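Structure at a glance
Chain by chain, the residues run as shown.
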Amino acid sequence: MSWFADLEQGPPIEVFALMKQFADDDFPQKVNLGAGAYRTDEGKPWVLPVVRTAEKALANDETLNKEYLPILGFEAFSTLSTRMLLGDDSPALKENRAFGVQCLSGTGSLRVGAEFLATKLGKTVFYYSKPTWENHRLVFLSAGFKEAREYRYWDAQKRGLDIAGFLQDLKDAPEGAVIILHACAHNPTGCDPTREQWAQIASVIKEKKLFAFFDSAYQGFASGDLDRDAWTVRYFVQEGFELFCAQSYAKNFGLYNERTGNLSVVLKSPKEIPAVKSQITLIVRGMYSNPPSHGARIVNHVLSNNELFDQWRSNIKTMSSRIIDMRKRLREELERLGAPGTWNHITEQIGMFSYTGLNAEQSQHMVKMHHVYMLSSGRISMCGLTHSNVEYVAKSIKETLT
Ligand code: PLP
């Protein structure tokens with residue numbers, strides 16, 4: 001008898017299964033547009049030069065040791081992270097009513113925040129955009145939420161935002177529901193609300209007494225400008241909201257594997273901070289006890305040094321500019337080849353991902369027939385495109401659609 005004999009096989013996680021399939025494929029022209037990780041124009045992973053510099057300095061710093069960080073992490077790092085998100089003149093910082101908690105990248109920050117909301121504030125219902133990053137649902141349900149609901153977001157017909165549906169679904173949400181919002185560079189659609197639309201969204205969230213939980217996985221990576229990409233969160237803070245924001249350093253620092261993130265917490269008053277911090281401390285203590293230091297030290301080293309900070313911004317610009325260039329190139333190729341349909345959405349979208357408009361069957365055809373690996377939703381990562389493969393990808397799309 002085995003305790004495990006009756007266990008059902010769980011479904012595969014699509015993106016990881018696809019990556020395994022890609023690795024096993026020996027077709028010479030295969031293209032990986034599935035992975036959410038930056039690649040150079042040679043198709044190689046990139047360790048940011050500023051990260052190398054910081055790592056060398058840390059390796060030579062004999063004062064550092066390997067002892068535990070506090071449960072809420074490296075405080076200098078989380079303070080700088082929260083400042084980077086909220087901006088130097090944030091009212092919440094001036095009034096000492098915001099703080100950060102170092103967590104395990106973006107996912108871990110979402111999980112700690114969600115578990116706090118579910119177990120300490122008794123929240124049961126959360127909303128995510130339709131579609132969203134595929135992990136939101138699992139993270140929030142695993143954290144103790146009871147009910148997952150979607151708000152309308154993507155209008156497949158017009159290949160853009162369904163703002164009317166979005167606002168209506170928020171209006172119909174029960175008081176106190178938690179709304180997951182992508183701070184910028186919406187994953188998977190690459191389609192963000194305009195500032196005017198954000199103002200409408202904020203006004204419904206206020207009126208209906210909902211709780212905004214931002215997911216900021218792409219600050220700086222979307223437009224190349226850290227402040228511009230943080231506009232939405234700053235706007236909500238200015239409007240007086242209490243909110244959470246999960247920040248990831250996977251993409252903008254290239255620290256995918258270091259699991260470096262921060263949960264920024266903005267409250268109405270500093271009075272509430274001790275109780276909130278103490279409850280988050282208990283959650284982290286019971287979950288993983290304390291976070292790892294390496295990535296947080298790298299980020300802290302860079303954010304606290306003006307010269308390195310400028311270098312980092314220039315590294316971010318390198319990445320975001322390459323993505324913007326690839327959007328242009330892909331659209332040009334598709335239009336030049338006369339691929340059926342319109343392709344302006346490719347350059348209008350922002351961030352790492354693009355919703356091509358290909359359906360599940362067409363996306364699978366791209367994988368099977370052309371060895372171009374993409375998700376069945378039609379999502380592609382712009383980072384997998386290079387000057388050498390963009391024409392091949394465009395031809396494959398054209399063949400698939402004709
Ligand atoms: N949120 C969104 C929207 C993402 O796209 C990602 C990564 O792809 C994450 C969160 C979290 O990533 P990580 O846990 O690696 O920081």
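Analysis parameters
- Residues numbered from 1 in each chain as written.
- Predicted model: local features only at pLDDT ≥ 70, side-chain atom pairs only at ≥ 80, totals over all residues.
- Heavy atoms only, no water.
- UniProt positions renumbered as here; feature names shortened; annotations may be inferred.
- Helix = DSSP H or I, 4+ residues; strand = E, 2+ residues; numbered from the N terminus.
- Rg over C-alpha atoms; globule rule 2.2 N^0.38 Å.
- Buried < 20%, exposed > 50% of the residue type's maximum accessible area, 1.4 Å probe, protein only.
- Contact = heavy atoms within 4.5 Å.
- Areas by Shrake-Rupley, 256 points an atom, 1.4 Å probe, with all protein chains shown as cover.
- Lys, Arg positive; Asp, Glu negative; His and termini not counted.
- Charge placed at Lys NZ, Arg CZ, Asp CG, Glu CD.
- Salt bridge = Lys/Arg side-chain N within 4 Å of Asp/Glu carboxyl O.
- Near = heavy atom within 4 Å.
- Polar contact = N/O pair within 3.5 Å; in protein donor to acceptor, adjacent residues only side chain to side chain.
- pLDDT = per-residue confidence, 0-100.
- Axes fitted to C-alpha atoms, helices over the stretch in contact; angles between N-to-C directions.
- Left-handed = near helix turned anticlockwise from the far one by under 90°.
- Nonpolar A, V, L, I, M, F, W, Y, C, P; charged D, E, K, R; others polar.
- Pairing = 2+ DSSP bridges.

Looking at an unreviewed UniProt entry, the protein chain carries the name Aspartate aminotransferase, cytoplasmic, with the source organism given as Sitophilus oryzae. Heading Sequence similarities (unreviewed entry) of the UniProt record for the protein chain holds this comment: "Belongs to the class-I pyridoxal-phosphate-dependent aminotransferase family." Listed in UniProt under the heading Cofactor (unreviewed entry), the comment for the protein chain reads: "pyridoxal 5'-phosphate".

Looking only at helices and strands, the protein chain has 16 helices and 13 strands in total. Rg of the C-alpha trace for the protein chain: 21 Å, near the compact-globule value of 21 Å for 402 residues, within the 12% margin. Taken across its 402 residues, the protein chain has 54% of its residues classed as buried. Restricting to contacts in the protein chain with at least 6 residues of sequence separation, those with at least 24 account for 76%. For the protein chain, the computed accessible surface area is about 18,600 Å², with 51% contributed by carbon and sulfur atoms. Across the protein chain, the 46 positively charged side chains and the 46 negatively charged ones have centroids separated by 1 Å.

The residue D25 is located in the loop between helix 1 (14–24) and strand 1 (31–32) in this model. Leave out the neighbours within four places in its chain, and D25 touches K30, H371 and Y373.

A side chain of one charge can pair with a side chain of the opposite charge when the charged atoms of the two come close. Under the criterion given, the structure shown has 16 salt bridges. The salt bridge partner of R111 is E115, with a shortest N-O separation of 3.2 Å. In this pair, R111 and E115 are both assigned in helix 5 (residues 105–119), 4 residues apart and thus about one turn of the helix distant. A relative accessible area of 26% means that R111 is categorised as partly exposed. Residue E115 is classed as buried on the basis of its relative accessible area, which comes to 17%. Through salt bridges with shared partners, a single network forms among R329, E332, E333, R336, E391 and K395.

On to the site of the ligand, then. Taken together, 13 residues lie around the ligand, and S105, T107, D215, Y218 and S248 are the ones closest in. Here an oxygen atom of the ligand sits 2.8 Å away from a polar atom, N or O, in the main chain of G106. Contact with the protein chains removes 91% of the 400 Å² of surface that the ligand exposes when unbound. In terms of residues, the shell around the ligand owes the most to one element, helix 5, which gives 3 residues.

Glancing now at the confidence of the model for the protein chain. Here the protein chain averages 97 in pLDDT, and 100% of its residues register 70 or above. For this predicted complex, the interface confidence reaches an ipTM of 0.99, while the overall pTM sits at 0.96.

Moving on to helix 10 (residues 231–238). The buried fraction of helix 10 is high, at 6 of 8 residues. Of the positions making up helix 10, those classed as buried are T232, V233, R234, Y235, F236 and V237. G240 occupies a position one or two residues after helix 10 and carries a positive phi of about 90°.

Once that is clear, we can look at the UniProt feature "domain: Aminotransferase class I/classII large" (unreviewed entry) in the protein chain. Cross-referencing UniProt, the feature "domain: Aminotransferase class I/classII large" (unreviewed entry) maps to residues 29–397 in the present numbering. From the first C-alpha to the last, residues 29–397 spans 15 Å; its make-up is 44% helix and 15% strand.

Okay, the packing of helix 5 against helix 11 (residues 273–287) next. As a packed pair, helix 5 and helix 11 sit with axes 10 Å apart at the nearest point and diverge in direction by 115°. You can see that helix 5 and helix 11 cross each other, and the crossing is right-handed. Facing helix 5, whose interface residues are R111, V112, E115, F116 and T119, helix 11 presents V276, Q279, I280, I283, V284 and M287. Classifying every residue of the contact of helix 5 with helix 11 gives 7 nonpolar, 2 polar and 2 charged.

Looking now at the side chain of N262. Here N262 is to be found in strand 10 (residues 260–266). Residue classification places N262 among the buried positions, given a relative accessible area of 0%. Within the local environment of N262, its side chain forms a polar contact with the side chain of T82, the two groups lying 3.2 Å apart. A distance of 3.2 Å separates the side chain of N262 from the backbone nitrogen of V101, its partner in a polar contact.

Taken in spatial order, the 7 strands of this open sheet run 2-10-9-8-7-3-4, and their pairing is mixed. The outermost strands of the open sheet, each flanked by one partner alone, are strand 2 (98–104) and strand 4 (147–152). With strand direction ignored, the average angle separating the axes of adjacent strands in the sheet is 25°. Bridge count for strand 7 (residues 178–182) against strand 8 (residues 211–216) is 5 bridges, and the pairing is parallel. From the neighbouring strand, H182 faces strand 8, where its bridge partner is D215. Across the sheet, helix 3 (residues 75–86) touches strand 2, strand 8, strand 9 (243–248) and strand 10, and the angle it forms with strand 10 is around 65°.

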